[in-house]
Each structure stands twice: as C-alpha cells, then as structure tokens.
Amino acid sequence: MESKDADKTLVVHQLKAWDAQAVTEVIEFRGETTVVVPREHLMRAAAYLASEPSLHFSFLSDITTVDRFPLEPRFEVNYHLLSLDRNERLRLKVRLGGSDPSVHSVTEIWPTANWHERENYDLMGIRFEGHPELSRILMPDDWEGHPQRKDYPVEGFR
Amino acid sequence: MPTTIETVAGSANTMVLNMGPQHPSTHGVLRVVLELDGEIVLKARPVIGYLHTGIEKNMEAKTYSQAITMTDRIDYLAPLSNNLCYCLAVEKILGIEIPKRAQYIRVLLTEMTRIASHLVWLGTHAIDLGAMSVFLYTFREREEIMKIFEHVSGQRMMTSYFRIGGIALEPPPNWLDHIRRVIDSLPAHIDEYEGLLTNNRIWLGRTKGVGIISAEDAIAMGASGPMLRGSGVPYDIRKAFPYSSYEEFDFDIQTQTAGDCFARYQVRVAEIRESIKIVRQAMEKVPAEGPIKATAPGIIAPSREEMKSSIEGLIYHFKIYTEGFAPPPGEVYQAIESPRGELGFFVASDGSAHPYRVKVRAPSFINLQTLPRLCEGRLIADVVACIGTTDIVLGEVDR
C-alpha cells in the first residue's frame, strides 16, 4: 500500500518537475490522485502524460463533467487516465467558468475521447475546440439546453 | 442523435442505407447509417440515443440507496455487475469495509451474471449469423441461472440485491446446492456449443478475419473487456485492480491475438469456463454463517431485532429510510470488470444525502465507437457479425 502511494506522488512529482505551471492543485481522496491543470496547459500536460515512457497513460477511461452551479468556476471536466502497463490511474481536472465553458479537445491524443466529448457537449454544454465533429449524441439534434446541468430541472421544462 | 450522414466526397454511385433502429440484429434500438458501394461498406455511422432515459440525472434526485434501483436498468443483462460497481463506489466514498462473507457472495453472483450475460451474447450472436439452435440452447441454460437469482434475491433480472455496505438479505437455505447443480451441468453444455460452432465451416467463414482491430487501435479507441483481450492485451480489472477480494481467487486472463470476431468468440467462451472456476472457489470460501452487512451506525440500517429493542436502532432505522445518509464530500472513480469491459462509476458527493453527480463509464458505449473501424471496407453481412461481437447493450449505451 505504501509503495503504491509513493508511486502516485511520484507521478505528481514528475509532472511538477516537468512544468510546475501545469499543476495548480493536487487532491488526494480515498487513495485516488487528482491533478488540477489550468485550461491552457491541458493539451501539453495530456500529451506529456500519454507519451512519456515512464508514465505512459495510454488509455483514457472516461471524461466526466461536474456542474458546481451556482459556484464559479462552474464546471469541472475530469479526465480519468489509466496506464495499462503500470496499473495506475490518474484524474486530471480542468476548471471552466460558466460564461465560457470551452476546452481544447484531446481527440488527437486519445481518439476514444471523440464520443466522450460529444456526450459532455450534449449533456453539459462543454465546447471542445478542435473536435472533429462536435454534435449531440444522446439527445435529439433539435433539443434545446443541456439536461445534465444543475439548472436544468429533473422533470424537464414544461 | 444526428439524423444525416456525410457521404464520401464525389461518390455518385454509392447508396445510403439505414439499418435500424428497428432491426433484429442490432440488439435493441441501435441505428447504423451505412454508405454502400454495391455490397461493400464505405462508411458506417452508429446513431444512438433512442433509449436515453436520463439515468444519471435521475440518480442525482434520489438518495444513495434509492439510486441502486436505477443501476439495474443500465445494463439489463448484467444487473448485479452494475449494483456491485455502484455500491463499491459509494462504499469507497464512505470508507467502509464490508464483511468477507458478503464479498464472497458478491463475487459468486457477479460471476454467475457474467456467465448469463455471455450466454445471451453467444446465443444472439449465433442467431444473427444463422446458427439458430445455439440460441435455443444458451437461453435454456441462462434461464437456469435466472432461477438462481430469483431463488436468492426474489427477482430474476432487476435484483438490486447488493446494497451499500453488504447485501440485502440472507441467502435462502439450500442456495449453494441449487448453484452447484447448475454449475455442474454447465461444462458439458459449453462443450455442446463449441461442438456446434468452433469447427463449423460456416461459423468460421462468418467470423474468422472479420472485424479485425489491432491492439494499438483497441487501446486508442478505449475498447475494454473481451474486445481488448481478443486483440492480445491481457488486461482484466479483476487482476489489475482487485476489488471485492478477487485477489484471493485463482483464474486466468483469457486472451487471443487475432483481434477478429472469432478471437472475441474464443475469449468469451473461455471466460465462461474461468467464471465457473471462480464460482466453484467462491462456493468453497463462503462461510455458512456470518454477517452480510458492514457495521456502520447511521449508514447501514440496523437489524430488525435491534430496531425493535433499542432506541438508537429505531432512530437510525427511521433516519436512514427517510433521509438517507450523507457521505463526506469528495469524488471517487470505481471500475470493475463487467461482462462487457471496464464499467466505471464516478460518484461525486457534496456532503448531502443525494449523490451530487453520478457518471457511468459504460463499456458498451465506448466499445460501440469501434464499430466503423471494424466494418468499413467489408461486406454488409459482416456488419451484423461486428455489431454482435462488440456485445452492446443499448440500455447501457444510451443510459
């Protein structure tokens, strides 16, 4: 257990040593490590984590947005990374303001992000710049609003 | 759910064909828009969302315990896997450890779920490719497993049997005898299916070399479960991140290197045999008596006797069933190996009695994304084989 914790901090250390600007906060909760990354550094940090041989986070498990309405910055986009050869998970978190919820798409690094990002766009209204085809995926094309947001009622608008 | 398809530029001789959402081989309400040149698929585009019911949104409006019933309905062929993953995620936030007996019962029943799910997959995949009798046989065995679930939990499908902190009820007497009877008969039945399919020339012709995906592509596209192992990546969450005491069980990760539909068929059939091994070990391990719920006052409801005899018990009982319980604020991601691959639950708590956000990392949804890569450049009949081996459940794709 201890060695695993040490390994995890190693990732954070390595990331900080690579570029201290790219890490604004590190959260440890129940043995899971979350690294908060500023929006403008996301692409660089993601490319580094995916390609650096000693880290090799080659598998993107999931992208999830949490809406903290009415707090600001309102949105938190979480990227769940997995390293298949080292059996390690890492969560990257990007905080986005409610007025401009946009972040660069990671589809160039992990092609699987395509549908994840479309889902986050559809249900949360996050715009992923540079996405090959940012359209709705679960809701009908002509739907108005983003149903997973906290200011969208569970029973819908009537 | 976009309704149009961009055709390949300058192709006046192609035809756009709409397959689904009402099509028997799309396993539900999947729609695939195909652009064809004669019988060759130039472009395939899955269109989903027909079964979107806002399960994640609904869960936010329920208490942590109430939300368990929604998880059954995500992947309705493996409800116990969903129950398990959600319960593990909430238990992780709460930081509670559950008794070994409950853990073994969970392992036993989730492996039975895997067998049942793979049997449905095998039967439907075979009937899609024209082998009708296999469908009848696998559903016969699957029904026996459904009877076990009914015997143990009272429900065939929407069991909600795993609860936060343990399992709902003490299993009935003789339940292990019932399981042993079914498990002992299974290996012979699997030999029977393999006898019908593995060396069958039509089966080989329809699956070998069809729908190939390389290991690199499978990883890049986020494919998991048998989709990934069929391409030669020995990755199984039960081994990589053991949960619910899986580290105490002896089983092998099944892989194949071809990456085609036949390889995925081999992986899944071998996994049924591995699951039988795990179930047998779990039957040995599970103690006849012992607690089935963790002790955590204020979170896990007290026993009936305690509720009737002590004032604290009564207060906790009332509070848990009226208000629920409030875990500490925080976020966790818990993944398990469901029959379809990496099933993950991301649960965010804000310290109230309702989950602030629940996100399901649905393996079907991500595996379906590989469909264009599997079937583009091949015959239209192969699309059916490719949809079959991705093993999607539309309830999970659309949530």
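Residues numbered from 1 in each chain as written. Chains lettered and ligands numbered in written order. Predicted model: local features only at pLDDT ≥ 70, side-chain atom pairs only at ≥ 80, totals over all residues.

**Observations regarding the overall build of chain B**
When helices and strands are counted, chain B shows 17 helices and eight strands. Taken over the C-alpha trace, chain B has a radius of gyration of 22 Å; the compact-globule value for 399 residues is 21 Å, and the two agree within 12%. Projecting the C-alpha coordinates of chain B onto the three principal axes gives extents of approximately 80 × 45 × 35 Å. Relative to its 399 residues, chain B shows a buried fraction of 53%. A fraction of 69% describes how many contacts in chain B between residues 6 or more apart in sequence connect residues 24 or more apart. (Helix = DSSP H or I, 4+ residues; strand = E, 2+ residues; numbered from the N terminus. Rg over C-alpha atoms; globule rule 2.2 N^0.38 Å. Buried ≥ 20, exposed ≤ 12 C-beta atoms within 10 Å, placed from the backbone. Contact = placed C-beta atoms within 7 Å.)

**Some points on the overall build of chain A**
When helices and strands are tallied, chain A shows three helices and seven strands. Expected size for 158 residues packed as a compact globule is a radius of gyration near 15 Å; at 16 Å, chain A falls within 12% of this value. Once the C-alpha set of chain A is aligned to its principal axes, its extents read approximately 55 × 30 × 25 Å. When burial is assessed residue by residue, chain A has 39% of its 158 residues classed as buried.

**Points about the environment of Arg127(A)**
All names here are of chain A. Structurally, the position occupied by Arg127 is in strand β7 (residues 127-129). Considered as a pair, Arg127 and Ser61 are 66 residues apart in the sequence and their alpha carbons are 20 Å apart. Not counting the four nearest positions on each side in its chain, Arg127 is found in contact with Pro101, Ser102, Tyr121 and Leu134.

**A closer look at the confidence of the model for chain A**
In the predicted model, chain A carries a mean pLDDT of 86, and the fraction of residues at 70 or more is 95%. Note that pLDDT drops below 50 for residues 1-6 of chain A; the model gives that stretch zero contacts with residues more than four away or on any other chain. (pLDDT = per-residue confidence, 0-100.)

**A closer look at the interface of chain A and chain B**
Where the parts come together, the accessible area they lose is often given as the size of the interface. Taken together, the contact pairs 30 residues of chain A with 38 residues of chain B. When residues of the side of chain A that touches chain B are traced back to their parent elements, those giving at least two are β3 (59-67), β4 (75-83) and α3 (113-124) of chain A. For the side of chain A that touches chain B, the leading source of residues is β3(A), giving six residues.

**Section: the environment of Phe241(B)**
Residue position: Phe241(B) is located in the loop between α10 (237-240) and α11 (261-285). On the basis of neighbour counts, which here come to 18 C-beta atoms within 10 Å, the residue Phe241(B) falls in the partly exposed class. Once the C-alpha coordinates of Phe241(B) and Glu337(B) are considered, the two residues, 96 residues apart in sequence, prove to be 9.5 Å apart. Sequence-distant contacts of Phe241(B), that is, excluding residues within four places in its chain, are made with Asn87(A) and Ala335(B).

**Description of the packing of helix α5 (residues 132-153) of chain B against helix α6 (residues 175-197) of chain B**
All names here are of chain B. Taken N-terminus to C-terminus, the directions of α5 and α6 make an angle of 165°; their axes are 10 Å apart at the nearest point. Viewed along their axes, α5 and α6 adopt a mutual orientation that is roughly antiparallel. For the pair α5 and α6, the sense of crossing is left-handed. Across from Ser133, Val134, Tyr137, Thr138, Glu141, Glu144, Ile145, Ile148, His151 and Val152 in α5, the residues of α6 making contact are Trp175, His178, Ile179, Val182, Leu186, His189, Glu192, Tyr193, Leu196 and Leu197. Across the contact of α5 with α6, the residue classes tally to 12 nonpolar, five polar and three charged. (Axes fitted to C-alpha atoms, helices over the stretch in contact; angles between N-to-C directions. Parallel < 35°, antiparallel > 145°, perpendicular 65-115°, else oblique. Left-handed = near helix turned anticlockwise from the far one by under 90°. Nonpolar A, V, L, I, M, F, W, Y, C, P; charged D, E, K, R; others polar.)

**A word on the nonpolar core**
Note on soluble globular proteins: their nonpolar side chains tend to be buried together. The biggest cluster of nonpolar side chains holds 150 residues, and the ones touching the most others in it are Leu92(A), Ala89(B), Val90(B), Val347(B) and Val383(B). Counting residues per element, this core draws most heavily on helix α4 (residues 100-128) of chain B, at 14 residues. If near-sequence neighbours (up to four positions away) are discounted, Leu92(A) is found in contact with Val35(A), Val37(A), Ala45(A), Ala46(A), Tyr79(A) and Leu81(A). (Core = buried A, V, L, I, M, F, W, Y, C linked by C-beta atoms within 7 Å.)

**A short note on the sheet that holds strand β7 (residues 341-349) of chain B**
All names here are of chain B. Here we have three strands laid out as an open sheet, ordered β6-β7-β8, and antiparallel in their pairing. The sheet is open, and its two borders are formed by β6 (330-338) and β8 (357-361), each paired with just one other strand. Strand-to-strand twist in this sheet, taken as the mean axis angle between neighbours without regard to direction, amounts to 15°. Bridge analysis of β7 against β8 gives five bridges, and the strand direction is antiparallel. Residue pairing across strands places Gly344 opposite Arg361, the latter belonging to β8. (Pairing = 2+ DSSP bridges.)

**As for the confidence of the model for chain B**
Taken residue by residue, chain B gives an average pLDDT of 89. The fraction at 70 or more is 97%. What the predictor reports for the complex is a pTM of 0.91 with an ipTM of 0.89.

**Points about helix α2 (residues 42-51) of chain A**
By the burial criterion, the buried members of α2(A) are Leu42(A), Ala45(A), Ala46(A) and Leu49(A). Buried residues in α2(A), looked at end-on, bunch into an arc of 100°, giving them a common side. (Arc of directions from axis to C-beta.)

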